[in-house]
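# Topology and contacts: notes
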Amino acid sequence: MLTRQAVRIVAVVIAVLLAVVIGLGAGIVTAALGARALVAVGAGGGAFIAIATLGMIIVAYLVPPAQVPAHLPTPAAPLPPPQS
């Protein structure tokens, strides 16, 4: 059985690969419609950023990080600044 961390890693990889495919498709379609190369690259990059961001939001919602059990000690508080 996969651990929670393994599931999160697989979900992130799937989201990024999906964003790459959609970004590549957007760039190719834009170029095929007669746009200049810079515009096609911009469209592909914009699609990649949008889909990757949406994918990360979905992954964070569906596979939340593990909760720290209450019996474990909390991290030490930072030291106060020195008095002068």
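Everything in this summary refers to the structure shown in the same document. (Residues numbered from 1 in each chain as written. Predicted model: local features only at pLDDT ≥ 70, side-chain atom pairs only at ≥ 80, totals over all residues. Heavy atoms only, no water.)

A few words on the overall build of the protein chain. A tally of helices and strands in the protein chain yields two helices and zero strands. Relative to a compact globule of 84 residues, whose C-alpha radius of gyration would be 12 Å, the protein chain shows 21 Å and is clearly more extended. Taken over the C-alpha atoms alone, the protein chain extends approximately 65 × 50 × 15 Å along its principal axes. Across the 84 residues of the protein chain, 15% fall into the buried class. Taking the contacts inside the protein chain whose residues are at least 6 apart along the sequence as the reference set, 71% of them involve residues at least 24 apart. Total accessible area computed for the protein chain in this model is approximately 6,800 Å², and 77% of it derives from carbon and sulfur atoms. (Helix = DSSP H or I, 4+ residues; strand = E, 2+ residues; numbered from the N terminus. Rg over C-alpha atoms; globule rule 2.2 N^0.38 Å. Buried < 20%, exposed > 50% of the residue type's maximum accessible area, 1.4 Å probe, protein only. Contact = heavy atoms within 4.5 Å. Areas by Shrake-Rupley, 256 points an atom, 1.4 Å probe, with all protein chains shown as cover.)

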